[in-house]
Amino acid sequence: MLSYQHAYHAGNFADVHKHLIMFIVLRSLLRKESPITYIDTHAGRGFYSLSEPESQKLKEYEKGVLPLWRERAALIGNERSDEGLLGEWLGELSRAQSANARQLTHYPGSPWWLAQALRHEDKLHLFELHPGEQRYLEAQPLPPNVRRHPEDGLSGLRRMLPVATPRLCVLIDPSYERKQDYTEVAETLAFLSRKARHAVVMVWYPLLPTGKHRLLLDEVKQAGLRKLWCSELRLHTPGQEHGMYGSGLLLLNPPWGLDRQIENTMQRVVACLGGEAHHKGYWWVKE
């Protein structure tokens, strides 16, 4: 199914959750010098103007990145190590805005965030199957060690394993428009753990009133994987309404101490979002 376009949801609370954790993961990985291969299985356009009709239709960024952006003056430069991570992320986000713009004009997708972490010896592979999204992605100015692949990301990931670099970091975040996406993601994660045992993998999933994400988590647990940590950001209590009430991220092989850093950082995010927002981090499976 190729109907999903992330431009309608760019900068929402799930993007904040996913990209902030990605930023913390990348920051941790870059402490070592050995080369890394990054793989993004569902890259999307890579960069979004919040003034475009798609973003303006739902304006989901108003309950996502915008409240944090308004607090950036107090957060950027914060010297407290864990709270400072949110300030560092907002500092990077400032670099993505229009020249001299004080307002939030753009929101960068995962390809942009990953590209910021690239060193000369690293590689980044971006997969995107949607033809329209591919055209936008091809137009993005990315470093020469980035390759774009117009194909299905899960099958492309399987094809690429094992990678040539000593380390591997993967982001898996399909739209979950099909129920079988949950099963396919779980199967791919199990395959990946066998082919690249020490890979650091981030799997995003939506929290919906139907509770379909439990299928993914249960299948992953049954696959016998170890060192799995869950982070869930809930915007409000689930009810009868349609759409996401929360965002989940499953981390395979998180670097040491990352759970505490994410917990502390997400508590600051929750304070900015206000309302019923809350975060829960827990080990789904631990060695």
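Everything discussed here concerns the structure shown above.
Residues numbered from 1 in each chain as written. Predicted model: local features only at pLDDT ≥ 70, side-chain atom pairs only at ≥ 80, totals over all residues. Heavy atoms only, no water.

**Some words on the pairing of strand E6 (residues 167–172)**
Rules: The classification of residues rests on relative accessible area computed with a 1.4 Å probe and restricted to protein chains. Under 20% of the type maximum is buried, over 50% is exposed, and intermediate values are partly exposed. Secondary structure counts use DSSP, requiring at least four H or I residues in a row for a helix and at least two E residues in a row for a strand, with both numbered from the N terminus. The pairing criterion for strands is at least two bridges between them, as found by DSSP. By definition, the crossover connecting two strands over a helix is right-handed if that path, from the first strand to the second, turns clockwise as seen with the strands pointing away from the viewer.
With respect to burial, E6 is a largely interior element, six of its six residues being buried. The alternating pattern of E6 places Arg 167, Cys 169 and Leu 171 and Leu 168, Val 170 and Ile 172 on opposite faces, both of which are buried. Sheet topology note: the strand E1 (residues 36–40)/E6 ladder contains five bridges and is parallel. If you follow Asp 40 over to E6, its bridge partner there is Leu 171. Of the strand pairs in this sheet, E6 and strand E7 (residues 200–207) are connected by four bridges, and their pairing is parallel. The partner of Leu 171 across the bridge, within E7, is Met 202. Taking the sense of rotation as the criterion, the β-α-β connection linking E6, helix H9 (residues 180–195) and E7 turns out right-handed.

**Overview of the nonpolar core**
The nonpolar side chains of soluble globular proteins are, as a tendency, buried together. Applicable threshold: To qualify as a nonpolar core, a set must consist of buried Ala, Val, Leu, Ile, Met, Phe, Trp, Tyr and Cys residues joined through side-chain atoms within 4.5 Å. Any two residues having at least one pair of non-hydrogen atoms within 4.5 Å are treated as being in contact.
Counting residues in hydrophobic clusters, the biggest one holds 94 residues, and the most contacted among them are Trp 89, Leu 189 and Leu 192. Looking at this core, the element that brings in the most residues is helix H1 (residues 13–29), giving eleven residues. Beyond its immediate sequence surroundings of up to four residues, Leu 192 is in contact with Leu 157, Leu 161, Leu 168, Val 170, Arg 197, Ala 199 and Val 201.

**Focus: the packing of H9 against helix H10 (residues 213–222)**
How two helices pack is summed up by the angle between their axes together with the distance between the axes. To keep things clear, this is the line we draw: Where helices are involved, their axes are fitted lines through C-alpha atoms of the stretch in contact, as for all axes, and angles between N-to-C directions lie from 0 to 180°. Oblique is the label for any angle not covered by the other classes, which are roughly parallel (under 35 degrees), roughly antiparallel (over 145) and roughly perpendicular (65 to 115). The hand of a helix crossing depends on one turn: near helix anticlockwise from the far one by less than a right angle means left-handed, and clockwise means right-handed.
Running from N to C, H9 and H10 point in directions that differ by 25°, and their axes come no closer than 8 Å. Taken together, the axis directions place H9 and H10 in an arrangement best described as roughly parallel. As H9 runs across H10, the sense of the crossing is right-handed. From H9, Tyr 182, Thr 183, Val 185, Ala 186 and Leu 189 reach across to H10, where they touch His 213, Leu 215, Leu 216, Glu 219 and Val 220.

**As for unusual backbone geometry**
Residue Pro 162 is bonded to the preceding Leu 161 through a cis peptide linkage, with omega at -5°. For Tyr 176, which is not glycine, the phi dihedral falls at a positive 60°. Its location among the elements puts Tyr 176 in the loop between E6 and H9.

**Thoughts on the state of the cysteines**
Quick note on the threshold: Pairs of cysteine sulfur atoms within 2.5 Å are identified as disulfides in what follows.
According to the stated counting rule, one finds zero disulfides in the structure shown. For Cys 169, which is in no disulfide, the shortest distance to another cysteine sulfur is to Cys 230 and amounts to 17 Å. Owing to a relative accessible area of 2%, Cys 169 belongs among the buried residues under this scheme.

**As for the environment of Leu 235**
Its location among the elements puts Leu 235 in the loop between strand E8 (228–234) and strand E9 (246–252). Between the C-alpha atom of Leu 235 and that of Thr 183, which follows or precedes it by 52 residues, the distance is 25 Å. Among residues more than four places away in sequence, those in contact with Leu 235 are Phe 13, Lys 63, Tyr 245, Gly 246, Leu 273, Glu 276 and Ala 277.

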